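One-letter residues, chain by chain:
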Amino acid sequence: MKDVSLIFDFPHHQLEYFNLEKAFSTKYGDTWVSVSTKEYINQFNTISRGLLKLGVKPNDKIALISTTNRTEWNIMDMGVLQLGAQTIPIYPTISKEDYEYVLNHSEATYCFVSDVTILEKINQIKDNTSLKEVYTFDEIKGAKNWREILELGKETSSQDIVEKLKKTVKPDDLATIIYTSGTTGQPKGVMLSHKNLVSNTLASTPRFPLIKGNTKALSFLPVCHVFERMIHYMYIYCGVEIYFAQSQDALNDNLKEIQPNIMTAVPRFYEKVYDAIVEKGSNLTGIKKVLFFWALNLGLRYEPYKANGWWYEVQLKLAGKLIFSKWRAALGGQIKTLISGSAPLQTRLIRVFTAAGIPVLEGYGLTETSPVISVNCPYNYGIKIGTTGRVIDNVEVKIAKGGEILVKGPNVMLGYYKDPEKTRSIMTGDFFHTGDIGELSEDNFLKITDRKKEMFKTSGGKYVAPALLENELKQSRFIEQIMVVGENEKMPAALIQPNFKFIKNWAKRKSVTLEPGNDALCSNEKVISRIQREIDSCNKNFGKWEQIKTFKLTPDEWSTDGEHLTPTMKMKRKIIKEIYKDLYETLYGK
């Protein structure tokens, strides 16, 4: 087996070293269906031959859209790539207008979709694109199915053409264009090469505690996101069995069924798990409740490498048996590692989950860096809470004037598709400008302090870093989402989506009368007063110019469907400000 240098080398590496019986497993109805490493390779070779019969050529663009992760997506990915063509993974939750933009901008010729909901959206705009055909993974009446491509590729005589095309693909060749979900404006097409993704996979692998050939992963973070996609390649390389969660709602059941050892997620997931655990603990009574909060508070004080001393470790062991064992059981009982990326993770979550025997490894990266730049690691004293870990091998980070993080390495993208001017604007020589502000320690640990683009100046000329305030306040159980505003205004303020469920339970416990509906809750003086206490507590940790002076509660739950959040749960700041324009203006008496 030659060294892995191209994305489609990963499955052959798995075949040689691990040859799994269950490389990928997807649940259809009530049944888990698995494919072996051999079946996986055979099926993507078949797809390649079928695509050749459709007339797909090197550098053609094939769009993939799936509501949930599934085996078919991974088969299509390899089948396309080994022809020298490129995949265009698209978020399932975007609007039909965004579908139209991405499909036209990428010039995709074929599109593979998972289900009827996406098919209906695509059919509404298909005639405005260059798509020749749309295929579905689910069986849908009247729609062409991806199995038709498998049928086309059954005849193996054209495999020699596939093999010849594979040999023409070079590491620096374009592999995929990933359109960033974008917190502002139209999405940008990030061009990633085979080398970008392969180098990042190989450099990230030593950071994760995987038992090669004997680990199970549960995958639910969208594979169209480069973070999960690179992780999939790492799983394939390390012989990890990949199981695909059916949906967010079925996640708890899938965890218990599969009992995975590793899983990736964005911070919002960990926040929700933590909130659910605390809510259950709050509903306990007597000694059970006392023990629960004793263990929780112990966890919140956690420091790695036994830095709290022997007595703390004795208590932690006891808490592990009495309380934390139940938390582990809720996640299937076998989780050894959780990985967090995409946005900053509250340090209290890292502490409490790690104390509970469920270590969370936080990393940092961007789509443009394939994605990993740094990540915490359980080896070689590689965990430092409050940082995103040490910079990975073969990647260089330097901090520019003003604190911006610049990155250089084989993981840095080829550029933005059809936008050389934009590409030039974010590069200084070989260094990519991340747009994030950070600090790099002497021992190569990277700490992110804010988003350069999100920092703003008040009318008094003072800089405010909103993410710091937001992360602090999101720790409040009364606050689900918060956006700090105040650019060119006299003072910082905030738009807040309350945690409606928690506040309703709080109101019952405190005998606070709430009128029906979210509007009434948001205007309730006792609710406003209680949230003001949370704001006041947070403000004590910040300078006077940074403190939130006023706020407004929004009656909607911020969501991707409501256009408040990107598919990776980041706030669309401009859109949120526009949605709540009236509330924003009342903040400043306009």
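One can find the structure itself at the top, above this paragraph.
Rules used in this analysis
- Residues numbered from 1 in each chain as written.
- Predicted model: local features only at pLDDT ≥ 70, side-chain atom pairs only at ≥ 80, totals over all residues.
- Heavy atoms only, no water.
- 1 Å grid on protein atoms, 1.4 Å probe; cavity = no way out; pocket = protein on both sides within 12 Å on 5 of 7 lines; lining within 4 Å.
- Points joined across faces, edges and corners; volume = space filled by probe spheres on them.
- Helix = DSSP H or I, 4+ residues; strand = E, 2+ residues; numbered from the N terminus.
- Buried < 20%, exposed > 50% of the residue type's maximum accessible area, 1.4 Å probe, protein only.
- Contact = heavy atoms within 4.5 Å.
- Salt bridge = Lys/Arg side-chain N within 4 Å of Asp/Glu carboxyl O.

Enquirer: Pulling in residues and values, what's your account of empty space enclosed by the protein?
Expert: Counted by the stated rule, this structure contains three cavities of 30 Å³ or more. Within this model, the largest cavity holds a volume of roughly 70 Å³. In terms of lining, the largest cavity is formed by Arg268, Glu271, Asp275, Arg348, Lys474, Ser476, Arg477, Ile479, Glu480 and Asn499. Sorting the residues of the lining of the largest cavity by element identifies α11 (267-282) and β25 (479-485) as the ones contributing at least two each.

Enquirer: Before we move on, could you go through helix α14 (residues 347-355) and cite the residues and values that matter?
Expert: Counting buried residues in α14 gives eight out of nine residues, a clear majority hidden from the surface. Within the span of α14, buried status applies to Arg348, Leu349, Ile350, Arg351, Val352, Phe353, Thr354 and Ala355. Against the buried residues of α14 lie α11, α12 (286-300), α13 (310-330) and β14 (360-365). The first or second residue beyond α14 is Gly357, which carries a positive phi of 85°.

Enquirer: So what about the pattern of salt bridges? Which residues, and what values?
Expert: Inspection of every chain in the model, using the stated rule, returns 20 salt bridges. Between Lys27 and Glu257 there is a salt bridge, and its shortest N-O distance comes to 2.7 Å. One end of the pair, Lys27, is in strand β1 (residues 24-28); the other, Glu257, is in helix α10 (residues 251-258), and 230 residues separate them in sequence. Among the residues examined, Lys27 registers a relative accessible area of 17% and is labelled buried. Two residues, Glu303 and Arg351, come together in a salt bridge whose shortest N-O distance is 2.9 Å. Of this pair, Glu303 sits in the loop between α12 and α13 while Arg351 sits in helix α14, and the two are 48 residues apart along the sequence. A relative accessible area of 17% means that Arg351 is categorised as buried.

Enquirer: Could you give an account of the environment of Leu361, naming the residues involved and the relevant values?
Expert: Note that Leu361 resides in strand β14. On the accessibility criterion, Leu361 (2% relative accessible area) is buried. For the pair Leu361 and Phe208, spaced 153 residues apart in sequence, the C-alpha to C-alpha distance is 8.5 Å. Those residues in contact with Leu361 that sit more than four places away from it in its chain are Arg207, Phe208, Pro209, Thr337, Leu338, Ile339, Ser340, Asn376, Cys377, Pro378 and Ile383.

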